[in-house]
Amino acid sequence: MSGPLYVPVLPTRPHAAEAFRRLWPDVRAVIRPLWNLPPLPGAAPEALGTVVAQYVDRVSAVSRRGGWLDAPFGEDAQTAALAEALALYCAWGWLLPVTGPERTGAQQAAAVETARRCLRGLGVRVRVTGEWDGHLGEHVRDLLDRTGPEVPVDLLLGMGAVLDDRSDAGKEALRTLDALMPLTAWRNAVLLGGAFPRVTADMVEQGRCEAGRAEWRMWHEVRATGRAYAPLLG
């Protein structure tokens, strides 16, 4: 298992695509973004192709070394049309489809089918925003069984907001990885966590301030355990 050094979770917005494009080439070479399509409330299925293109064309163009493309906020009625629109960027670009154990059966099936057609792999996004739930591991196993061994899979473990008040994030990440890593031969495994601090009135009045990076400490905590997978964790 080998993969990117860093996986930022970025919105499919022009400012994010431009920021990624302007990175030094040697920095960009070890980064694989996880691009998130924003919510598209009420968008008609027949119009989604055009709407998705407005968001994704630019990020696809700057993602020549790969990455993942997800629509985590898609509505159930949009599933088929979103899958069709996103599949174009997986087939003709370098982005990979994403699904997860909590997604609907229709979304999972569509993402797996896209991965099979494109032959480059599938991102399995697992969200653990609190304590690890063993039932989640069973759902991941079921998803992997339906995917089949012929599709390379990447584990995208999202721990949600990891701030200073969440001191157990490293322990929960380790419990989750211990449960999920043996399920298959993951091509890549990435530990994700948000760290933007909660903005208070005092912070606004004071201007610049420093905040701890608890998600960075979580990653180092897991890496320091000596687990066989730890040195390969993005």
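Q: Help me understand unusual backbone geometry in this model?
A: Comment: phi is negative for the bulk of residues other than glycine, and the bulk of peptide bonds are trans. The backbone of leucine 119 shows a phi angle near 70 degrees, a positive value even though the residue is not glycine. If you trace the backbone, leucine 119 turns up in the loop between α5 (105-118) and β5 (122-127). On the accessibility criterion, leucine 119 (68% relative accessible area) is exposed.

Q: Would you mind going over the sheet that holds strand β6 (residues 153-161) with me for this structure?
A: In space, the 7 strands of this open sheet follow the order β1-β2-β3-β4-β5-β6-β7, with parallel pairing throughout. The open sheet has two edge strands with one neighbour each: β1 (9-11) and β7 (188-194). When strand polarity is set aside, the average angle formed by the axes of neighbouring strands in this sheet is 30 degrees. Of the pairings in the sheet, the one linking strand β4 (residues 95-99) to β5 comprises 2 bridges and is parallel in character.

Q: I keep staring at the side chain of glutamate 215 and nothing clicks. Help me out?
A: Note on placement: glutamate 215 falls in helix α9 (residues 214-223). Of note is the side chain of glutamate 215, whose polar atom sits 2.4 Å from the side chain of arginine 213. The contacts of glutamate 215, once residues within four sequence positions are left out, are Val162, Gly193, Gly194 and Ala195.

Q: Teacher, can you tell me more about the layout of surface pockets here?
A: Over the atoms, a rolled probe matching the size of one water molecule traces out where space is still vacant. Quantified by volume, the largest pocket comes out at close to 1100 Å³. Taken together, 42 residues form the lining of the largest pocket, with Pro8, Val9, Leu192, Gly193 and Gly194 sitting closest to its centre. Secondary structure elements with two or more residues in the lining of the largest pocket: β1, α1 (14-21), β5, β6, β7 and α9. Ranked by residue count, the leading element in the lining of the largest pocket is β7, at 5 residues. Of the residues contributing to the lining of the largest pocket, the split by class is 28 nonpolar, 8 polar and 6 charged.

Q: What is the right way to read the packing of helix α3 (residues 48-62) against helix α4 (residues 79-92) from this model?
A: Axis angle and axis distance: for two packed helices, these are the angle between their axes and the distance between the axes, and together they describe the pair. One way to put it is that α3 packs onto α4 with a least axis distance of 10 Å and a crossing angle of 30 degrees. As far as their axial angle goes, α4 and α3 are roughly parallel. Viewed along their axes, α3 and α4 form a crossing whose handedness is right-handed. On α4, the residues touching Leu48, Gly49, Val52, Ala53, Val56, Asp57 and Ser60 of α3 are Ala81, Leu82, Ala85, Leu86 and Tyr89. Its residues placed into classes, the contact of α3 with α4 shows 9 nonpolar, 2 polar and 1 charged.

Q: Could you clarify how one ought to interpret a negative patch on the surface in this entry?
A: Where like charges cluster on the molecular surface, the negative patch consists of Asp133, Glu138, Asp142 and Asp145. Summarising the element assignment, glutamate 138 is placed in helix α6 (residues 134-147). Classification of glutamate 138 as partly exposed rests on a relative accessible area of 40%.

Q: What's the story with the pattern of salt bridges in this structure? I'm lost.
A: Should the charged atoms of two oppositely charged side chains come close, the side chains can pair. Inspection of the entire model under this criterion finds 11 salt bridges. Across the salt bridge formed by arginine 103 and aspartate 70, the nearest N and O atoms sit 2.8 Å from each other. Of the two residues, arginine 103 sits in the loop between β4 and α5 while aspartate 70 sits in strand β3 (residues 67-70), which places them 33 residues apart along the sequence. Neither residue differs from the other here; arginine 103 and aspartate 70 are each classed as buried. With a closest N to O distance of 2.4 Å, glutamate 215 and arginine 213 form a salt bridge. Through salt bridges with shared partners, a single network forms among Asp70, Glu102, Arg103 and Arg125.

Parameters at a glance
- Residues numbered from 1 in each chain as written.
- Predicted model: local features only at pLDDT ≥ 70, side-chain atom pairs only at ≥ 80, totals over all residues.
- Heavy atoms only, no water.
- Helix = DSSP H or I, 4+ residues; strand = E, 2+ residues; numbered from the N terminus.
- Buried < 20%, exposed > 50% of the residue type's maximum accessible area, 1.4 Å probe, protein only.
- Pairing = 2+ DSSP bridges.
- Axes fitted to C-alpha atoms, helices over the stretch in contact; angles between N-to-C directions.
- Polar contact = N/O pair within 3.5 Å; in protein donor to acceptor, adjacent residues only side chain to side chain.
- Contact = heavy atoms within 4.5 Å.
- 1 Å grid on protein atoms, 1.4 Å probe; cavity = no way out; pocket = protein on both sides within 12 Å on 5 of 7 lines; lining within 4 Å.
- Points joined across faces, edges and corners; volume = space filled by probe spheres on them.
- Nonpolar A, V, L, I, M, F, W, Y, C, P; charged D, E, K, R; others polar.
- Parallel < 35°, antiparallel > 145°, perpendicular 65-115°, else oblique.
- Left-handed = near helix turned anticlockwise from the far one by under 90°.
- Patch = residues over 30% accessible without salt bridge, like charges linked within 9 Å, V, L, I, M, F, W, Y side chains within 5 Å.
- Areas by Shrake-Rupley, 256 points an atom, 1.4 Å probe, with all protein chains shown as cover.
- Salt bridge = Lys/Arg side-chain N within 4 Å of Asp/Glu carboxyl O.
- Lys, Arg positive; Asp, Glu negative; His and termini not counted.
- Charge placed at Lys NZ, Arg CZ, Asp CG, Glu CD.

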